[in-house]
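Residues per chain are reported as follows:
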Amino acid sequence: MDVEGVAILARGIAAKGPEGVVFANLDLRVDPGALVVVAGASGTGRTSLLLALSGRLPLITGYLDVSGHVLPAQAKAVRQLIRPARVRPVCELENRHRVREAIAERRLISGVYEDEIEAALAKVRIAPDRTALIGDLHPAERLLFAVALTIAAEPAGILVDDVEAGLSMSARAQVWAGLREVTRTGMTVLTSATDPPSGDVEVIRLPAPEPDHRPTKVLDRQGVDAP
Amino acid sequence: MKAIKLAWLELRRFRGPLRRFVPLVLILVPLLYGAMYLWSNWDPYGRLNRVPVAVVNSDRPVDSRGEHINAGEQFVQQLKATDMFEWNFVDAAEARRGLVHGRYYLTIEVPPDFSAKLATTADHKPQRPAVRIVKNDANGFIVGIMADTAQTELQNQINAAAHVTYARSLYGDLGQAREKLRLSSEATKQLVQGSDLSKQGTDALAKGLNGVRDGTGQLSRGVQDISDATAQLDQRLSTISNFTAERLPGAVNALVNASNVAANSLNTIKTTTGFLGQRAGEGRGAVEELGQKHPELAQDPVYQRALNNARKLADAAGTADKDAHRALTTAQDANRQALSLQDSMGPLQNQVRAITAPVDTLRSRAAEMSGGANGITSGLNTLAASSGVLHTGAGQLNDGAKNLQGLVDGTLEKIPPTNPTEVSHAADVLGSPTEIRTDNLNPAHVYGRGLAPFFFAIALWVFGLFAYLLLKPVNLRALADRVGALTIAVAGFLPAAVLGVLGGLALYAAVDFGLGLDPEHVWWTTGLLSLAAVAFVAIDHFLRTAFGAIGGLLSLVLLIVQLTACGGLYPMETAPVPFQAVHPFLPMSYLVDGLRVTISGGVTEHLLRDVAVLAGFVVVFLALTTVAVQRQRSWTLGRLHPQIEF
């Protein structure tokens, strides 16, 4: 598995919802194969930003370039590059499916083969019981299973929203470890979390929304360069 | 209090640009449903005059009893004056086509023998003509029920036309009766004139008989006088005889002469009285003959009196003749005695001279008798003439009476019969002179069968509405991947579509086996139900995909609109204009229309059109869903965090 990950460059981007601006005047830069964490409290626009970077949410202003594709004109190409593994509520596994049903669905959706999915499961180091209900899987395993299904098609980047949700500390470590493994293929992994893990991650901090819903202040990109 | 505060807090949740309208929408749901429904069904009976109905007048006018009876046209005019329905006066073929194809909801047919049967009213056995109403439940069941309620008024219209015809026919008969009575009146006048003539004849007869009576009286008196004079003469002659014997033998000569003269005179008298008696006898004979010729006169008192008088007259004349004869004999005896005394009884001469005076009287009385006899003659002549007039008058009287009888008989025949059975039959026919026969091209028979299309349509729509509350319209994982929008749309559509078909078939089976729907075309019915289930699901799928929870609300609104505007209950013509305007764009309209054909029967073209339209709805809405899915590959904040969710 060897993937050319996406590189992202954004200048002054902003997005707006029915209840006001979600984020504004945001600059960022993501290198291929990076593990990116959009950090901020829930409701700060983490999900929106992930969707916007993958060409799934229109911006109201700013410049955004994903691996040479300029948004919003080439949003379709960008969506092909970056696939969501789990974005609430945009993309989640069906809890009442069995594991094998989810695999069957994925094969239909992405046109991947069984062995590719097996390889992906091995990559994130899980081996779920094929007859188990998704909802019965351990939350960490469930998340990694969703990641595995997504990377089986070898996209240039994936989205994993709200990584830490419902996870214990040890489970979080397992998930982050799995995601690091994914980045080793060259794939860019865009995630969101309340607290970024330590280590070689690029962190994008989003401030808590102000009560009066005024435009968010300029956010500085804070990142730690990969070694 | 706590409960109230908690309740208020529940309502406080609805904040935000859209969410704040949620309670308002909830408030409006009853209004939407109730007001729309009531608005569309507010006064369907009051708008019956917009329902197109074909009227076929096949009636052939007839001429009866001198009257031109055109009851069919009369009925048509009567209908034109009312606006019960929207009348279309067409020929039979067009009416049939229109009814079959749903351009007309009813046809009213006036049969060819309508006038002919109405014209039998004045006959002994009147016939009741029938008007035929043909319905077609393939165009809606309720309109047939509406027609039933309008039937009473329609019956009144038809009866009114019939009554006008009756009046015409009756006045025609009256006119004829009046003409006959006028002729009768003239005949009566002739009769009166005849009886006048008869009366004049009778008067003349009476006058003639009076003349006879007077003449007879005169004769009687004259004869009496003759008798008296003869008696006096006898006495005088006795005196003279005695006197002559004693004193006047010289007068005998004179006496002889005188007695000779007297004898001669009496001879003349005798002749006269004989003639008189003969005439009186003839008069009596004439009157008796009159009586024999006209036996009806025999009982007439005047005639009887005349006959009596004539008889008395004849008797009196006979008596007078006999007296005259006796007097003549006596006079001749006297004459002979006088002749014997002539020479010796000269002194009697003077006294004999005295005899001349009574003889003069006798002579004058004899003249009077002659006049009386003449009176009898003329009276009898008058009588004979009068009897001729009487005969003529009686003949005229008889003719007039015969004419009168003929006319009265003729008029009598015009008057309707009085046989109790016939009278009761005629009264029945006249009371309700026409009947309405109803027919149905495609009868639904029972209310449920007639309204099944409507309720099937509602059921299938409600299925579509509910289906996507429980099923996911779009597979979001597929949406996030490379899968084509059409595939995603179909994948989201198929589960509900299949369940909808199964649901529709379950409904059909329950209604058919449980209630006895017994459709005309089972396979078409089930096929159409399946297609409609698929079409309705396609529409609801699109609404849920494109508009989310709002789409569910839109589906509810559509349900209400279709309930009111699909024409499932009343004919669309009776609905307010906005409902009529949206009617052709509603999928339920086509399901209702098609199911009517498959359940009650009807034209296949309708069914094929409905199938095509419903299939079109499937294709169009799947295409729209595909477009919506394609657009959803990119999210919006609004969709990401929808403000309203079911």
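Remember, predicted model here, so these are calculated numbers, not experimental data. (Residues numbered from 1 in each chain as written. Chains lettered and ligands numbered in written order. Predicted model: local features only at pLDDT ≥ 70, side-chain atom pairs only at ≥ 80, totals over all residues. Heavy atoms only, no water.)

## Section: the overall build of chain A
- When helices and strands are counted, chain A shows 6 helices and 10 strands.
- Taking all 227 residues of chain A together, the buried fraction comes to 52%.
- Considering only contacts within chain A whose residues lie at least 6 apart along the sequence, 71% involve residues at least 24 apart.
- Summed over all atoms, the accessible surface of chain A reaches about 9,900 Å², with 49% contributed by carbon and sulfur. (Helix = DSSP H or I, 4+ residues; strand = E, 2+ residues; numbered from the N terminus. Buried < 20%, exposed > 50% of the residue type's maximum accessible area, 1.4 Å probe, protein only. Contact = heavy atoms within 4.5 Å. Areas by Shrake-Rupley, 256 points an atom, 1.4 Å probe, with all protein chains shown as cover.)

## As for the UniProt feature "transmembrane region" (unreviewed entry) in chain B
All names here are of chain B.
- Look at the UniProt record and you will see "transmembrane region" (unreviewed entry) annotated at residues 21-39, 451-471, 483-509, 521-539, 546-570 and 611-629.
- Taken as a whole, residues 21-39 contains 95% helix and 0% strand, while its terminal C-alpha atoms sit 25 Å from one another.
- A helix fraction of 100% and a strand fraction of 0% characterise residues 611-629, whose end C-alpha atoms lie 27 Å from each other. (UniProt positions renumbered as here; feature names shortened; annotations may be inferred.)

## Structural notes on the pattern of salt bridges
- Applying the stated rule across the entire model yields 29 salt bridges over all chains.
- When the shortest N-O distance is used, the salt bridge between R83 of chain A and D481 of chain B registers 2.8 Å. Taken together, the residues span two chains, with R83 of chain A in strand β6 (residues 82-86) and D481 of chain B in the loop between α13 (476-480) and α14 (485-515). Of the two residues, R83 of chain A and D481 of chain B, neither departs from the other in class, the shared state being buried.
- Salt bridges sharing common partners tie together R46, R88, E92 and D162 of chain A. (Salt bridge = Lys/Arg side-chain N within 4 Å of Asp/Glu carboxyl O.)

## Some words on α14 of chain B
Residue and element names in this part refer to chain B.
- Its 31 residues give α14 an end-to-end C-alpha distance of 44 Å, which sits within 8% of 45 Å, the value for a rise of 1.5 Å per residue.
- Along α14, the sharpest kink reaches roughly 30°, centred on L494 and followed within four residues by the proline P495.
- Of the residues trailing α14, G516 is marked for its positive phi of about 85°. (Expected span 1.5 Å × (residues − 1). Bend = angle between axes of the 7 residues up to and from the residue.)

## Things to note about the sheet that holds strand β4 (residues 61-66) of chain A
Residue and element names in this part refer to chain A.
- Spatially, β2-β1-β4-β5 is the arrangement adopted by the 4 strands of the open sheet, whose pairing is antiparallel. Strands with a single pairing partner mark the edges of an open sheet, and in this sheet they are β2 (20-30) and β5 (69-71). Looking at each pair of strands side by side, their axes are set apart by 25° on average, direction ignored.
- Each of β1 (8-17), β2, β4 and β5 is contacted by helix α1 (residues 46-53), which is oriented at about 55° to β2, the strand it contacts most. (Pairing = 2+ DSSP bridges. Axes fitted to C-alpha atoms, helices over the stretch in contact; angles between N-to-C directions.)

## Observations regarding the nonpolar core
All names here are of chain B.
- Counting residues in each nonpolar core, the largest one holds 78 residues, and the members touching the most others are F85, W87, I108, L154, F493, L591 and L614.
- Tallying contributions element by element places helix α15 (residues 522-547) first for this core, with 13 residues.
- Both domains that meet at this core, namely domain 1 (46-166 + 433-440) and domain 3 (444-633), each give it at least three residues.
- In contact with F85, other than residues within four places in its own chain, are L48, N49, V51, V53, L106, A147 and A150. (Core = buried A, V, L, I, M, F, W, Y, C linked by side-chain atoms within 4.5 Å. Domains from an automatic or database assignment.)

## Focus on the sheet that holds strand β7 (residues 435-440) of chain B
All names here are of chain B.
- The 5 strands lie next to each other as β4-β1-β5-β6-β7, forming an open sheet whose pairing is mixed. Every interior strand has two partners, whereas the edge strands, β4 (86-89) and β7, have only one. Each adjacent strand pair in this sheet contributes to an overall mean axis angle of 25°, direction not counted.
- As paired elements, strand β1 (residues 52-57) and strand β5 (residues 106-110) share 5 bridges and run parallel to each other. From the neighbouring strand, V53 faces β5, where its bridge partner is L106.

## Let's talk about the packing of helix α3 (residues 99-110) of chain A against helix α5 (residues 139-151) of chain A
Residues and elements named next belong to chain A.
- Orientation of α3 relative to α5, taken along the N-to-C sense of each, is 25°, at an axis distance of 10 Å. Between α3 and α5, the crossing angle belongs to the class labelled roughly parallel. With respect to the hand of their crossing, α3 and α5 are arranged in right-handed fashion. Counted together, V99, A102, I103 and R106 of α3 and F145, L149 and T150 of α5 form the full contact between these two elements. (Parallel < 35°, antiparallel > 145°, perpendicular 65-115°, else oblique. Left-handed = near helix turned anticlockwise from the far one by under 90°.)

## So, the pairing of strand β3 (residues 35-39) of chain A
All names here are of chain A.
- Of all 5 residues in β3, 5 are buried; the element is thus mostly enclosed.
- Burial along β3 is two-sided: L35, V37 and A39 and V36 and V38, pointing in opposite directions, are all buried.
- When β3 meets strand β8 (residues 188-193), the two strands line up parallel, connected through 5 bridges. Residue pairing in the sheet places L35 in a bridge with V189 of β8.
- As defined by bridge partners, β3 adjoins strand β9 (residues 202-205) across 4 bridges and the pair is classed as parallel. Residue pairing for β9: V37 is matched across the bridge by V203.

## Examining the interface of chain B and chain A
- Counting from both sides, the interface comprises 18 residues of chain B and, opposite them, 27 residues of chain A.
- Its largest share of buried area at the contact with chain A, chain B owes to R477, W635 and L637 of chain B, together 33% of the area lost on that side.
- Seen at the junction of chain B and chain A, the total is 4 salt bridges.
- With a closest N to O distance of 3.3 Å, K472 of chain B and E94 of chain A form a salt bridge.
- Along the contact surface separating chain B from chain A lie 8 residue pairs in polar contact (both at pLDDT 80 or more).
- Taken together, the elements giving at least two residues each to the side of chain B that touches chain A come down to α13 and α20 (637-640) of chain B.
- For the side of chain B that touches chain A, the element with the highest residue contribution is α13 of chain B, accounting for 4 residues.
- Looking at side-chain class alone, the side of chain B that touches chain A contains 8 nonpolar, 5 polar and 5 charged residues. (Buried area = accessible area lost by both parts, 1.4 Å probe. Polar contact = N/O pair within 3.5 Å; in protein donor to acceptor, adjacent residues only side chain to side chain. Nonpolar A, V, L, I, M, F, W, Y, C, P; charged D, E, K, R; others polar.)

## With respect to the environment of S198 of chain A
- Mapped onto the elements of the fold, S198 of chain A is located in the loop between β8 and β9.
- The spatial distance from the C-alpha of S198 of chain A to the C-alpha of W176 of chain A is 9.8 Å, given a sequence separation of 22 residues.

## Quick word on the pairing of β8 of chain A
All names here are of chain A.
- Across the 6 residues that make up β8, a large majority, 6, are buried.
- With burial as the criterion, each face of β8 is covered, one bearing T188, L190 and S192 and the other bearing V189, T191 and A193.
- Inspection of the sheet shows strand β7 (residues 157-160) paired to β8 by 4 bridges, in the parallel sense. Within β8, the residue paired with I158 across the bridge is V189.
- The parallel pair β7 and β8, bridged by helix α6 (residues 169-183), forms a crossover whose chirality is right-handed. (Right-handed = clockwise from strand over helix to strand, strands pointing away.)

## Quick notes on unusual backbone geometry
- Along the chain, L71 of chain A connects to P72 of chain A via a cis peptide bond; the corresponding omega equals 5°.
- With respect to the element layout, P72 of chain A can be found in the loop between β5 and α2 (75-81).
- The backbone of D518 of chain B shows a phi angle near 50°, a positive value even though the residue is not glycine.
- Structurally, D518 of chain B is set in the loop between α14 and α15.
- The exposed category is assigned to D518 of chain B, whose relative accessible area is 53%.

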